[in-house]
Each structure stands twice: as structure tokens, then as C-alpha cells.
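# Architecture at a glance
So you can see what is in the structure, the chains are spelled out below.
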Amino acid sequence: MGSTSAQNSEGLGRRDVIKRSAAIGLITVPTMSFLASCASSDSGSDKKVEKGKATEKNPLGVNASAPLDFVLFDGGFGTEYATDAVKGYEKAFPDAKVKFTPTQKIQSELQPRFNGGTPPDLIDNSGAEQMDMGVLAGKKQLADLTPLMDAPSFDDPAKKVRDTLRPGVLEMGQLDGDPVWIMYYAYTVYGVWYSQTALDKLDAQYPEDWDAMLALCAKAKKKGIAGWTYAGKYPYYIPFSLYPFIGKIGGREVLDAIDNLEPNAWKHPAVKSAFEAYFELYKKGYILQGTPGLDHIQSQTAWTEGKALFIPNGSWVENEAAKTTPKDFQMKVAAPSSLDSSDKLPFGALWASGGEPFIVPANAKNPDGGMEQLRIMLSEESSKNFTSKVKSLSSFNGGTDGLSLSTALQAGVDALAKAGANVLNPRLQDWYVELQKQKIGVGVLGELMAGRMTPAEAVKKCQEFADATAKDSSIKHYKHQ
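The numbers attached to residues start from 1 for each chain and follow its sequence in the written order. Since the coordinates come from a predicted model, pLDDT governs what is reported: local features require at least 70, and pairs of side-chain atoms require 80 or more to be given and counted, while whole-chain, interface and lining totals use all residues. Side-chain numbers here rest on the full set of heavy atoms in the structure, without hydrogens or water.

Lines are fitted to the C-alpha atoms to define the axes, a helix being fitted only along its stretch in contact, and any angle between axes, read from their N-to-C directions, falls within 0 to 180 degrees. Numbering of helices and strands starts at the N terminus; helices are DSSP runs of H or I of at least 4 residues and strands are runs of E of at least 2. It is at 9 Å that the axes of helix α19 (residues 433–449) and helix α20 (residues 455–471) come closest, and there the two elements cross at 170 degrees. As the angle between them shows, α19 and α20 are arranged roughly antiparallel. In contact with L435, K439, I440, V444 and L448 of α19, α20 contributes P455, A458, K461, C462, F465, A466 and T469. The residue classification treats Ala, Val, Leu, Ile, Met, Phe, Trp, Tyr, Cys and Pro as nonpolar and Asp, Glu, Lys and Arg as charged. All others, Gly included, are polar. Considering only residue class, the contact of α19 with α20 consists of nine nonpolar, one polar and two charged. An angle below 35 degrees is treated as roughly parallel, one above 145 as roughly antiparallel, one from 65 to 115 as roughly perpendicular, and anything else as oblique. Here, two residues are considered to be in contact whenever any of their heavy atoms come within 4.5 Å of each other.

Our focus in this paragraph is the confidence of the model for the protein chain. A residue's pLDDT is the predictor's confidence in that residue, given on a scale from 0 to 100. For the protein chain, mean pLDDT is 90; residues scoring 70 or higher make up 90% of the total. Contacts from residues 1–34, a stretch scored under 50 in pLDDT, to residues over four places away or in other chains number 94 contacts. Every residue in residues 36–45 is under pLDDT 50, and counting partners more than four places away or in other chains gives 19 contacts.

Below, the discussion takes up the pairing of strand β7 (residues 308–313). Buried residues dominate β7, accounting for six of its six residues. Strand pairing is assigned whenever DSSP identifies at least 2 bridges connecting the two strands. Sheet topology places strand β5 (residues 191–195) next to β7; three bridges connect them, and they run antiparallel. Across the sheet, W193 pairs through a bridge with I311, a residue of β7. Taken together, the two bridges between strand β6 (residues 226–228) and β7 define a ladder with parallel strand orientation. Its bridge partner being in β7, W228 is matched across the sheet by F310. Burial classes: relative accessible area under 20% of the type maximum marks a residue as buried, over 50% as exposed, and values in between as partly exposed (1.4 Å probe, protein chains only).

With that settled, the discussion passes to helix α3 (residues 80–92). Helix length check: α3, at 13 residues, gives a terminal C-alpha distance of 19 Å against a target of 18 Å (1.5 Å per residue), a fit within 8%. What α3 keeps buried is the set Y81, A82, A85, V86 and Y89. On an axial view of α3, the arc spanned by its buried residues comes to 140 degrees, and they lie on one face. Projecting away from the buried face of α3 at angles above 90 degrees are the exposed residues K87 and K91. Helix span, as expected, comes to 1.5 Å for every residue beyond the first. What the arc measures is the spread of directions leading from the helix axis to the C-beta atoms.

Here the focus is the packing of helix α10 (residues 239–250) against α19. Two numbers describe how α10 lies on α19: the axes approach to 13 Å, and their chain directions differ by 90 degrees. On the basis of the axis angle, α10 is roughly perpendicular to α19. Along its contact with α10, which presents P239, L242 and Y243, the element α19 presents Q436, I440 and L445. Of the residues assigned to the contact of α10 with α19, the class counts are five nonpolar, one polar and no charged.

The next point concerns the pattern of salt bridges. Where side chains of opposite charge bring their charged atoms close, a pairing between them can arise. Any carboxyl oxygen of Asp or Glu that lies within 4 Å of a side-chain nitrogen of Lys or Arg is treated as forming a salt bridge with it. This structure, assessed with the given rule, holds 14 salt bridges. Taking the shortest distance from any N to any O, the salt bridge between R452 and E447 comes out at 3.0 Å. Here E464 makes a salt bridge to K461, at a shortest N to O gap of 3.7 Å. Here the residue E464 and the residue K461 both occupy positions in helix α20, the gap between them amounting to three residues, near one helical turn. Each of E80, D84, K87 and K389 takes part in a single network of salt bridges with overlapping partners.

Moving on, we come to the nonpolar core. Within the largest apolar cluster, 142 residues are counted, with the highest numbers of intra-cluster contacts made by Y81, I246, W266, F275 and F310. At eight residues, helix α12 (residues 269–283) tops the list of elements feeding residues into this core. Counting contributing residues, this core receives three or more from each of domain 1 (68–187 + 353–416) and domain 2 (189–352 + 425–471). In terms of nonpolar packing, the next biggest core, distinct from the first, is built from five residues, A226, L294, A302 and A308 among them. Buried residues of nine kinds, namely Ala, Val, Leu, Ile, Met, Phe, Trp, Tyr and Cys, make up a nonpolar core once their side-chain atoms join them within 4.5 Å. Source of the domain bounds: an automatic or database domain assignment.

Size of an interface: often given as the accessible area lost when the parts come together. Here the domain parsing of the protein chain yields domain 1 (68–187 + 353–416) and domain 2 (189–352 + 425–471). Relative placement of domain 1 and domain 2: their C-alpha centres are 28 Å apart. The interface of domain 1 with domain 2 comprises 25 residues on the first partner and 23 residues on the second. Summed over both partners, the accessible area lost on bringing two parts together, with a 1.4 Å probe, is the buried area. For domain 1, the biggest contributors to the area lost against domain 2 are G76, S353 and A408; these three give 25% of the whole. The tally of links between domain 1 and domain 2 comes to zero salt bridges.

Classification of ring pairs uses Phe, Tyr and Trp, with its six-membered ring standing for Trp, and accepts pairs whose centres are within 6.5 Å; under 30 degrees between planes counts as stacked, over 60 as edge-to-face, and the remaining range as tilted. As enumerated under the stated definition, the model contains 34 aromatic pairs in all. With 6.2 Å between their ring centres and 35 degrees between their planes, Y236 and Y237 make a pair best called tilted. The exposure classification of Y236 matches that of Y237, with both residues buried. Among the aromatic residues, ring-to-ring pairing joins Y190, Y234, Y236, Y237, F240, Y243, W266, F275, W316 and W351 into one connected group.

The following block contains the structure:
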């Protein structure tokens, strides 16, 4: 299975051939004991600081002398953008002492504090120990950020903060209904990342359909270059290009059905076709040898060293891989290739959404301060600083005027423009962390791409995992509104 030609003598498209030839499928999840402890802990609720006076410059009524406790995930974006924003807070509230703590161990270090009812005031809940936000919201451990969204924006008091955000960011933080539980600060373009320099050496352009993709991979293989690599130890990176590929083939309703945990959603022909196509990369030997044993950094390094043409990733990769990226690399991102001409969405449809989730715990001592820090970060100045420092867009709708953009960042801006209304936003990774990353990511996609599971088996396994999650009454379930 998996290895098919684009057409046969009857003129069948690739999807038809696949249907006939096929027999037909970074993140450690917090333990339930931690989440249960969080749910039962409300001892910090009576320790909140007194509210300050709301003014034009202090619309959230922050207590000007109250300490602020800010914990940031120290990952691909680094810490400088956040420390710069903290300076803005300290300038606005010179009597306030800010405790700023960068860490990569979000869950390990914050679990005891959540359990004790003394969480920080603001958390960048990201990285390999990201806490499950769907569960945290379901257990009422997060503060509603609606006051922040309804506050005047930092730059223009006539505009609310919510009106300055990129499309889809507010909705991502809502989860279920009107309350806003999460502020996704970065705006991530997901897709297939490549080096224009590497393609130029092969006298090639980015392949806009799957036949062209396979042909380019074959050409590269003859030169001793792999077509693809990925984070084999963390195969939940694969969906960054696979999920929008599925949505492109079958339409966004396919991804919505998967997110909604609908029966047989994974059995949609678009899923089977996408799995077959990716399995072809393995069957034809177009995956970099040893990829299943590589972590995200190792796979990115192999890619920047020119050992593979393509890697599924998000726009943080430019900053994260900066140390190993040659100056003439010309890093770019593109939407997934088309499968064939009968795809529901045109070439250019891609996944882009809010990333780097910031939360204010319900039991925070100074929740107003946490929200004000976010309001400062959503200013044009902070947004431009973020973009220039980490080479990524922020969720502030703008912040690029006057900046000299790298090839990667410009490619992301161009990709968004080309996508237009066809920007997809699968929610499985933030609604159901364990399902998406450990079960489907590691348990299915990692096995599929390593050749240890067939596409048909992968489809069946994904559906089994989704059905089990849907039936689990201990998990809060979400649906697209």
C-alpha cells in the first residue's frame, strides 16, 4: 500500500488510485493526579491583593504597589521579548516588584504551587511540560480574561484589546462559550519548511501537488539528499503539515469533525488519502535515515545542514534553529502541496493560529497585574520588539510596518496572504493534549511514518483513540461553535 502512480491508463486521479490500491490511518502530558489536585485547590482565592483604582492609564485597576509573579517558558522564543515587556510594566508601576522566572519545567515547577493554591499571576504555558489547558479550564483553574479583552488597547483607547487581535486568536482562547481563558501571544504559521537555496541547487520550485513533491524527492535522493525529516521522538510535529493537508483535500469540515470527536471522523476519505500519501514518503525511501530517533532540535539541525529538503514545523523554527542555519539558507514556509485537482480547497490553504499560550490562574494573587502585563505585550511597540527579536509574528494584528523581515518571516506573511480565507485552525492539540500528542502523535503517526503501521491501521487506531476520548466522562469535551 501507499506506493501508487498519479494516473493509470484510465485517467484516474491519484485519490482514485489510492482508493483502489489501498485496503481501505515536546509535550509531556500532566498527570491526572496533578490535575485533580489543581481542581481541589482553592485555598489561594482569599489571598488576592486589593484592587487599585481604575484610570485612563490603568483601565484594569491594577494595584500599583502589588508584586507581580510572571513565569515564562524558556524555549524557542527565548526570554528577551518578555523581559523587555516587563520593563514596560515596571515603568507603569514603579512601586511594584516583578518576579520574572524563565523555566522549561512548567508542570514540574508549578504543580506544587497549583496544589498549594499559590500559582503565579501570569504563566506562559508552553513547552515539553505544558499543562493541559482544556482540563485546567474545565476544572476552573483559569481566570476569565474577558476584562483584558474589553479593556482599551494600549495604543488606542478607542479600540478594545479584542479588536487589535489577528483573526481566530480570541476564539482559540474561548474553548467553550464566551469566557476567554487563554491569550495566545505568538501567531504561528504551520506548514512545510524548506530552504530556497537548497531548491535552487536542484533547479526546483516548491511542489504545489503531490506528484511534483514525489518527483522532487526522487531528484533529491539521487543527489544523496532526503526529501523529508521530522521530529521522530516527538512525532506530533507531523500534523503541522498533515492536518492542513487533510483539510485541503476534504475541506475544513473534516478537521472540525475530528476536533468534535464525531464518530467515524477519522474514516473520512480525505484522512485515508493523506495518510496514504505520507506513507508513500516512507515506502519510497524519501525520509532521512534515522529520523524516528531524532528529537526536534536534531531533526531541525539535519535540515539546516542540508540533509533533507522539507520539515513540518511552526514559525518558531527560525529562531530555534538560528545557531545552525547558514546565512545563505533562505528559510521559507509553504502550504501543503495539493493531493490532486479534486481537493476541496485550493493550493495555499494552510494552518495558522495563535501560539505560545498565556494564562492567568484563577487563584493568582494579582490577576489584574497579569492581565495588564499582557495588555502591554499587545501594544505595537512590544509586538514589533517580539517580531524583530524572535522572527515570528505576534497576535497583535500589525506590528510589522517598518521592519526588515527575514525570508522566513516574509514567507509566512506571504503564505497568509495567499491563504486568504482558507486559513485552517485544527483544535485537537489544545482541546485534547493527551489524545493529540501521545496517542495520535506518538502512538499512530510516529508508527506510520516509521513504517511500523499501515495507513489502514493508522486510520483505525486514530478512530479508536478518538472514540475512547469521546466516551471518557472525566474529560471535558469541546465543539466548534
